[in-house]
Amino acid sequence: MPLPPDAHIGAVSLTVRDLSTSLRFYTDILGFAELRREGSVSHLGPAGGRVLVELHERPDAIAAPRRSTGLYHFAILVPTRAALGRSLRRLAERRWPLSGASDHLVSEAMYLSDPDGLGIEIYRDRPRDAWRRDNGELAMATEPLDLQSIYEEPGAETPWQGLNRETVMGHVQIGRAHV
């Protein structure tokens, strides 16, 4: 039985070395709000939304070796192309580097890393009725993303107020680390 189109995974739990550094990144750069804190654990989500990320501070945490298997990235699904444009504008304003950007035909995605080197994807899905099928199979690809078009998307110029309440955790990809 297929999942309903509005089904989403819950929160991801991440281990970080310095909670205050990570909080600055996740709130100021990405636009999460700290919804609650329990000791050395911070629960983040869009303001007025549900928890999407849990940050667990462990000062003795060791970064995974290059090319090791584990978290490849977690993916923040924003509700609109304008919301993706606002995130791109925020990253540019704060001079936070992207590690990649791709048009997957079904979605448009930007890739970056947090201060601990954890991979993050920020993306938006195209409407499902616009998804192409080839011989019954969903057509997907990894094409260059037109970042200028996303930056200039109508509504992207709206002043930054953090992530939209409708933002959800889209997926978590496990595999070989890309750093």
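Computed from a prediction, not measured in an experiment: that's the story for all the values here.

Here is what the cut-offs are and how they apply
Residues numbered from 1 in each chain as written. Predicted model: local features only at pLDDT ≥ 70, side-chain atom pairs only at ≥ 80, totals over all residues. Heavy atoms only, no water. Helix = DSSP H or I, 4+ residues; strand = E, 2+ residues; numbered from the N terminus. Rg over C-alpha atoms; globule rule 2.2 N^0.38 Å. Buried < 20%, exposed > 50% of the residue type's maximum accessible area, 1.4 Å probe, protein only. Contact = heavy atoms within 4.5 Å. Areas by Shrake-Rupley, 256 points an atom, 1.4 Å probe, with all protein chains shown as cover. Lys, Arg positive; Asp, Glu negative; His and termini not counted. Charge placed at Lys NZ, Arg CZ, Asp CG, Glu CD. Pairing = 2+ DSSP bridges. Axes fitted to C-alpha atoms, helices over the stretch in contact; angles between N-to-C directions. Salt bridge = Lys/Arg side-chain N within 4 Å of Asp/Glu carboxyl O. Polar contact = N/O pair within 3.5 Å; in protein donor to acceptor, adjacent residues only side chain to side chain.

Structural notes on the overall build of the chain
Along the chain, the regular secondary structure elements total three helices and 12 strands. For 179 residues, the compact-globule estimate of 2.2 N^0.38 gives 16 Å, and the chain sits close to it at 16 Å. When its C-alpha atoms are laid out on the principal axes, the chain stretches across 50 × 40 × 35 Å. Each of the 179 residues in the chain was classed as buried or not, and the buried ones make up 41%. Excluding contacts between residues fewer than 6 apart, the proportion of contacts in the chain whose partners are at least 24 apart in sequence is 67%. With the model as given, the accessible surface of the chain reaches about 9,900 Å², and the carbon-plus-sulfur share is 50%. Separation of charge centres in the chain, based on 21 positive and 24 negative side chains, amounts to 3 Å.

What about the pairing of strand β1 (residues 12–16)?
Of the two faces of β1, the one holding Val12, Leu14 and Val16 is buried and the one holding Ser13 and Thr15 is not buried anywhere. Here β1 runs beside strand β4 (residues 53–57); their pairing, made up of five bridges, is parallel. Across the sheet, the residue bridging to Thr15 is His56, located in β4.

Re unusual backbone geometry
The backbone of Arg95 shows a phi angle near 55 degrees, a positive value even though the residue is not glycine. Here Arg95 shows up in the loop between α2 (81–93) and β6 (100–103). At Asn135, a residue that is not glycine, the phi angle is positive and equals roughly 55 degrees. Considering the arrangement of structural elements, one finds Asn135 in the loop between β9 (133–134) and β10 (137–138). A relative accessible area of 83% means that Asn135 is categorised as exposed.

Structural notes on the sheet that holds β4
Spatial ordering of the open sheet is given by β1-β4-β3-β2, a layout of four strands whose pairing is mixed. A single partner strand is all that each edge strand has here, and the edge strands are β1 and β2 (33–38). Sheet twist, expressed as the mean angle between neighbouring strand axes with direction ignored, is 25 degrees. Packing of helix α1 (residues 19–29) onto the sheet brings it into contact with β1, β2, β3 (41–45) and β4, and relative to β4 it is tilted by some 160 degrees.

Concerning the side chain of Glu121
Summarising the element assignment, Glu121 is placed in strand β8 (residues 119–125). No salt bridge is formed by the buried Glu121, whose closest oppositely charged neighbour, Arg124, lies at an N-O distance of 11 Å. Among the polar contacts listed, one links the side chain of Glu121 to the side chain of His171, at a separation of 3.2 Å. Contacts of Glu121, omitting those with residues within four sequence positions, involve His73, Phe74, Ala75, Ile76, Ala109, Met110, Tyr111 and His171.

Examining the pattern of salt bridges
Going through the model one piece at a time under the given rule, you end up with 13 salt bridges. Here Glu108 makes a salt bridge to Arg81, at a shortest N to O gap of 2.9 Å. Here Glu108, found in strand β7 (residues 107–113), pairs with Arg81, found in helix α2; they are 27 residues apart in sequence, far enough to count as distant. Like Glu108, the residue Arg81 is buried in the burial classification. For Arg94, the salt bridge is made with Glu93, and the minimal N-O distance between the two is 3.7 Å. Under the relative-accessibility criterion, Arg94 is labelled partly exposed at 35%. Several salt bridges converge on common partners, so that one network encompasses Arg81, Asp103, Glu108, Arg124, Arg126 and Glu153.

By themselves these figures say nothing about function.
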